[in-house]
Amino acid sequence: MAARPQSSTVRPVRGDARVALLEAALALVRKQGWAATSIDQLCRTVGVTKGAFFHHFASKEALGVAAAHYWDTFTAPLFASAKYHQHADPLDRIYGYLDFRGSIAGGPLEDFTCFVGTTVQETFATSDAIRAACGETIRAHAERLEGDFRAAIALYPPRTRVTAANLARYTQTVIQGGFVLSKAQGTNAPLLEALAHLKQYLSFLFEKPLKKETSHGKRRR
């Protein structure tokens, strides 16, 4: 994701410490991981005392749960305002969503990879609360794709039996896997490759060829 939570190095305005700590958590965990991000570092980054931290969060685990939910609140407007929603054809909206994912996958890995995907990989066996919160956030994002998949299934009967729900989940599986391989290789190439293959799979499934780029950069059949 391209959303870039920027943590402050200046003491936040009174009443903003909770949000500042959440945004610092998003930025730091995406860069260095959950275990490497300490309460002390979060407090130094934001410019608050540990007392202020524990005023807002009972523990680091409580922060993780809140940050997982905040991640969805933070990133949802980015996708809600994207231009792919303007396509009349539901399958074009899905392709547009995948293209949008690719378009925002630039810069350092921490700028476009997923906070909840990163966090759940480290905490799934040690914190049921964080695991569940991360799962809810990923599931919520997948569910936003179900309407377009449902409409695509109705408009283009697929080659094999699928549901809108399992296609939406599979889309997130591909994306999260692309993030992991991108981290392993230190480049966004695996994610972009995975998105391209997913588009090809959907074009075969729905028997609707992908639009091709012309020499002028415009799309055609």
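Relevant structure appears above.
Residues numbered from 1 in each chain as written. Predicted model: local features only at pLDDT ≥ 70, side-chain atom pairs only at ≥ 80, totals over all residues. Heavy atoms only, no water.

**A short note on the overall build of the chain**
Now for step 1: Along the backbone of the chain there are 10 helices and two strands.
Now for step 2: Relative to its full complement of 221 residues, the chain shows a buried share of 47%.
Now for step 3: For the chain, the proportion of contacts with a sequence separation of at least 24, taken over those separated by at least 6, is 68%. (Helix = DSSP H or I, 4+ residues; strand = E, 2+ residues; numbered from the N terminus. Buried < 20%, exposed > 50% of the residue type's maximum accessible area, 1.4 Å probe, protein only. Contact = heavy atoms within 4.5 Å.)

**Digging into the packing of helix α5 (residues 90–103) against helix α10 (residues 189–205)**
Now for step 1: Running from amino to carboxyl end, α5 crosses α10 at an angle of 170 degrees, the nearest separation of the two axes being 9 Å. On the basis of their axis angle, the class for α5 and α10 is roughly antiparallel. Touching I94, Y95, L98, D99, R101 and G102 of α5 are L192, L195, L198, K199, L202 and S203, all from α10.
Now for step 2: A breakdown of the residues in the contact of α5 with α10 according to their chemical character gives seven nonpolar, two polar and three charged. (Axes fitted to C-alpha atoms, helices over the stretch in contact; angles between N-to-C directions. Parallel < 35°, antiparallel > 145°, perpendicular 65-115°, else oblique. Nonpolar A, V, L, I, M, F, W, Y, C, P; charged D, E, K, R; others polar.)

**Looking at the packing of aromatic side chains**
Now for step 1: Within this structure, the stated rule accounts for 10 aromatic pairs.
Now for step 2: For the pair F53 and F57, a centre-to-centre distance of 5.5 Å together with 50 degrees between the ring planes defines the contact as tilted.
Now for step 3: Relative to F179, the ring of F112 has its centre 6.4 Å away and its plane inclined at 50 degrees; by these criteria the two rings are tilted. Of this pair, F112 sits in helix α6 (residues 109–112) while F179 is found in helix α9 (residues 164–185), placing the two residues 67 residues apart along the sequence. (Phe/Tyr/Trp six-rings, centres within 6.5 Å; stacked < 30°, edge-to-face > 60°.)

**Structural notes on α9**
Note: α-helices contain 3.6 residues per turn, so residues at a spacing of three or four share the same orientation.
Now for step 1: In this model, α9 (22 residues) spans 32 Å end to end at C-alpha, consistent with the 32 Å of a helix rising 1.5 Å per residue.
Now for step 2: Restricting attention to buried positions, one finds in α9 the residues A164, L167, A168, T171, Q172, V174, I175, Q176, G178, F179 and S182.
Now for step 3: On the buried face of α9, the contacting elements are α5, α6, α7 (115–123), α8 (128–155) and α10.
Now for step 4: Remark: G186 follows α9 within two positions and exhibits a positive phi of approximately 70 degrees. (Expected span 1.5 Å × (residues − 1).)

**Digging into the environment of G107**
Now for step 1: In this fold, G107 is placed in the loop between α5 and α6.
Now for step 2: Measuring from C-alpha to C-alpha, the distance between G107 and T187 comes to 9.3 Å, with 80 residues separating the pair along the chain.

**Examining the packing of α5 against α8**
Now for step 1: Interaxial distance between α5 and α8 falls to 7 Å at its minimum, and their mutual angle equals 145 degrees. In this structure, α5 uses P90, L91, R93, I94, Y97 and R101 to contact α8, whose residues at the interface are H141, L145, D148, F149, A151, A152 and L155.
Now for step 2: When its residues are assigned to classes, the contact of α5 with α8 shows nine nonpolar, one polar and three charged.

**Considering helix α4 (residues 60–80)**
Now for step 1: Here α4 spans 30 Å end to end across 21 residues, near enough to the 30 Å set by a 1.5 Å rise per residue.
Now for step 2: Helix geometry: α4 is bent most strongly at F74, by close to 25 degrees, with proline P77 lying one to four residues after it.
Now for step 3: Buried residues in α4 make contact with α1 (17–32), α2 (39–46), α3 (50–56), α5, α7 and α8.
Now for step 4: The distance from a side-chain oxygen at the start of α4 to the backbone nitrogen of E61 is 3.4 Å, and the residue carrying that oxygen is S59. (Bend = angle between axes of the 7 residues up to and from the residue. Polar contact = N/O pair within 3.5 Å; in protein donor to acceptor, adjacent residues only side chain to side chain.)

**Description of unusual backbone geometry**
Now for step 1: Unlike most non-glycine residues, E207 shows phi in positive territory, near 50 degrees.
Now for step 2: Relative to the helices and strands, E207 is located in the loop between α10 and β1 (212–213).

**Quick look at the state of the cysteines**
Now for step 1: Scanning all chains against the criterion turns up zero disulfides.
Now for step 2: C114 takes part in no disulfide bond, and the closest cysteine sulfur to it belongs to C134, at a distance of 8.0 Å. (Disulfide = S-S within 2.5 Å.)

**Digging into the pattern of salt bridges**
Now for step 1: Under the definition given, this model contains nine salt bridges.
Now for step 2: Across the pair R150 and E146 runs a salt bridge, and its minimum N-O distance is 3.4 Å. Taken as a pair, R150 and E146 lie in helix α8 at a separation of four residues, close to a single helical turn.
Now for step 3: For R150, a relative accessible area of 48% gives the class partly exposed.
Now for step 4: Look at E146 and you get buried, because its relative accessible area is 17%.
Now for step 5: Across the pair R159 and E207 runs a salt bridge whose closest N-O atoms are separated by 3.9 Å. Here E207 lies in the loop between α10 and β1 and R159 lies in the loop between α8 and α9, a separation of 48 residues in the sequence. Like R159, the residue E207 is exposed in the burial classification. (Salt bridge = Lys/Arg side-chain N within 4 Å of Asp/Glu carboxyl O.)

From the geometry alone we can't say anything about function, so treat these as descriptive.
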